[in-house]
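The chain contents come next:
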Amino acid sequence: MDKKRATIVLGVIGSDCHSVGNKILELYFAKRGFHVVNLGVMVPQDEFIDAAIETGARAILVSSLYGHGEIDCAGFRERCVERGLEKVVLYVGGNLVVGKTEPEIIVDKFRKMGYDRVFLPGCNLGEAAELLRQDLGITEPLDPE
Amino acid sequence: MKPAPHNLISIDIGSTYTKGALFAFGGPAGARVLKRCEVPTTPHLTDGFNRVLAGLVPRGGGAVDKVDTVDRVDGNPRAATPAASTLSTPSTVSTVPVRFSSSAKGGLRIAAVGLVPELTVKIAKLAACSAGGKVVRAFAYGLTSESVAELEALAPDIVLVTGGTDGGNRERVLENVRLLAASRLACTIVYAGNSELACEVRKLLAGKKLRVTDNVMPEVDRMNLEPARAEIRHAFLETIVEGKGLAEVVRAVGAPPKPTPLAMFELAEALAARRPRWRDFMVVDMGGATTDVYSHTEAFMGGDGAVLRGVHEPLLKRSVEGDLGLRVSALPLYEAVKDSVHSPELEAFVRKVAAAPDYLPQAPEELEYDRVLARACVKEAVLRHAGILRSVWTPTGRVSVQHGKDLRRVRTMVGTGGSLARLRDPQLWSGMWAKPDGEELNLLPEQFEYKVDAEYLWPLLGNLAAEFPEEAAALAENCLQPLSGGVILTPPETPGGCQRRV
Ligand code: B12
């Protein structure tokens, strides 16, 4: 699989308008060789799926920063399946819950919702990109940082 | 030295009337209309066309710049009918250049195929409408054998196939193309989807009349309508000339036809380019069967921290409402608006005119029913054309999310079409802003002047707008009657009756 052709859809879910991290993710993943379709902030679940269908994206990267992640992100996997994206890789990241919660509990909660991988603030984007390469079955190495 | 005037004839073959006018462009008096002529459209389109032409061709050869007082009835929206002697003229050879448009025989019927309703399906519809077509049916996601059978039964003039960004979706788009390849469809197929599939599409559809062009949506949130429009225009020339009995006219006048709505589209472009006061305007063309709405204004301004979701609509947009019209579509119109206007008398009137589309009411109460219907019709058509601003509550407060096109800055509203010309109703827009309160704001024009194209010259000027934009635009502006008397219409300031900004 040629990595240039690996399209990923990116956006901040729900009514969340934190745009800085989203811009960083776009620049970073593009630099590493992915074709990034960035939907920006305040993106409803269906819009991620619409864009993934049209672009043939194989992964969707969801961000949630403002503390409502649990509500906004629930049911996303089911919706993807319903709309014909059974095989899409789903990542989620950001300040996923309000207040102090053990990271393992957060990760476990979002894994159960159907997200393949869960990232918390301060995560290493290099690792995330590498995991994405593997999850998409891309054999060649990513572009340098 | 002023250039010498030259004459031009423009004719529009409508579904009920064939109308035409003789113009003088370039003379010292500026662009002028010299003569108008109108006859019922004939089953053999050439007959009606020739009658109108015979009524318009200036006698004696040379260029004329004088209003012909014999055939032209000033201020009367019903144009002169050609003298009986010319009616029998089988065909007239015009010494004056002739341009013409047609919306007869169903107009340009397009079926749109796309993937996601809010993306390629929506953009395919915009492309079809802006090329002067009428979308008879739109299909989303995967076609099925049932939908293909439906397509075959509809027998559209063109199937516009879209789907996928460039380098995007392959499987579903190819599957749709395979199903079309196996169908009995004989019409032109315009492919404007994922451009990476162009080769495969050419192979699969080798047995069909196929035109392949650039993607209408090369990337999510980037629309590219022009190439698809151009292909539709070319296909229209073929379809109309071959299939709609216009070949004879084309041969006689030596010019290709345009779909009537495309002529209007080009006139709107000319006005925006040539007339300083025409930046933000709309045109409503209300007919018996359909109501067309055109808007020329930037779709999204992004003030007050508003976020646009969905497609960023084009500066010049056309929408067609096939279920809104005063005669043939009177019943579906009544269905759509009866929550706000209904009475047994009105319903009886609707049934009467739907059964007799040529009916012209004379009695005052019947004229009033027509006005009530027209007001509801334009309101509904403009509401469907307009976008919506929704308030979304976030932890910090309200954020506005816009879907569709913002029409709030529109300052001029033009009414055209037989019914609006006939009714000349200064109250046409009085009910437009009335709507129950809610969290949603319909992005309707906030204040505008209403003018009417009382002699129905706009489609005729549209035929000339691409070649003579300056003069067509000048005359289009000057021929309007200011129905609201120069007054700017604004929403009434009554509680609950108007919509405030969020
Ligand atoms: C700037 C800011 C704002 C600005 C945003 C301006 C803008 N245009 O972006 C404003 C003032 C508007 C704002 C508003 C609010 N904010 Co604020 N805001 C911040 C602040 C200070 C910085 C955010 C930022 O830009 N960070 C820098 C970027 C680079 O980091 P990041 O966003 O976390 O993204 C990185 C990672 O998370 C990760 N990542 C994110 N998503 C994903 C996805 C994947 C797949 C992967 C691999 C990685 C990944 O990678 C990103 C890039 O490195 C943070 C506090 C903080 N220090 O983080 C609070 C913070 C995010 N805000 C917070 C809150 C509560 C709000 C409000 C609700 C406040 C309110 N009640 O008024 C509103 C919400 C408004 C809304 N509708 O969204 C809280 C969230 C609490 C929670 N989740 O538990 C925070 C954490 C502050 C706090 N400690 O309380 N905020």
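Since this is a predicted model, take the numbers as computed values, not measurements. (Residues numbered from 1 in each chain as written. Chains lettered and ligands numbered in written order. Predicted model: local features only at pLDDT ≥ 70, side-chain atom pairs only at ≥ 80, totals over all residues. Heavy atoms only, no water.)

## Considerations on the layout of surface pockets
In this approach a probe as big as a water molecule rolls over the atoms, and the regions it shows empty are the leftover space. Residue and element names in this part refer to chain B. In this structure, the largest pocket encloses a volume near 1,300 Å³. Around the largest pocket, the lining comprises 47 residues; the ones closest to its centre are Ser-15, Thr-16, Gly-287, Gly-288 and Tyr-456. With four residues, the single largest contributor to the lining of the largest pocket is helix H13 (residues 418–423). Classifying every residue of the lining of the largest pocket gives 18 nonpolar, 16 polar and 13 charged. (1 Å grid on protein atoms, 1.4 Å probe; cavity = no way out; pocket = protein on both sides within 12 Å on 5 of 7 lines; lining within 4 Å. Points joined across faces, edges and corners; volume = space filled by probe spheres on them. Helix = DSSP H or I, 4+ residues; strand = E, 2+ residues; numbered from the N terminus. Nonpolar A, V, L, I, M, F, W, Y, C, P; charged D, E, K, R; others polar.)

## Let's talk about unusual backbone geometry
All names here are of chain B. For Tyr-141, which is not glycine, the phi torsion reads 55° and is therefore positive. Along the polypeptide, Tyr-141 turns up in the loop between strand E6 (133–139) and helix H4 (145–154). When its relative accessible area of 24% is taken as the criterion, Tyr-141 is described as partly exposed. Positive phi, close to 55°, is recorded for Tyr-456, a residue that is not glycine. Structurally, the position occupied by Tyr-456 is in the loop between strand E19 (449–452) and helix H14 (458–465). (Buried < 20%, exposed > 50% of the residue type's maximum accessible area, 1.4 Å probe, protein only.)

## Thoughts on the domain arrangement of chain B
All names here are of chain B. Its domain assignment divides chain B into domain 1 (6–104), domain 2 (108–243) and domain 3 (259–482). When each unit is reduced to the centre of its C-alpha atoms, the spacing between domain 2 and domain 3 is 28 Å. With 18 residues of domain 2 at the contact, the number on the domain 3 side is 14 residues. Buried area between domain 2 and domain 3, both sides added, is near 1,300 Å², and the carbon and sulfur share of it is 68%. Here domain 2 and domain 3 share one salt bridge between them. Taken together, the connections running from domain 2 to domain 3 amount to two residue pairs in polar contact (both at pLDDT 80 or more). For the side of domain 2 that touches domain 3, the elements supplying multiple residues, two or more each, are helix H3 (117–130), E6 and helix H7 (226–243). For the side of domain 2 that touches domain 3, the element with the most residues is H3, which contributes seven residues. Residues belonging to the side of domain 2 that touches domain 3 are distributed by class as follows: nine nonpolar, three polar and six charged. (Domains from an automatic or database assignment. Contact = heavy atoms within 4.5 Å. Buried area = accessible area lost by both parts, 1.4 Å probe. Salt bridge = Lys/Arg side-chain N within 4 Å of Asp/Glu carboxyl O. Polar contact = N/O pair within 3.5 Å; in protein donor to acceptor, adjacent residues only side chain to side chain.)

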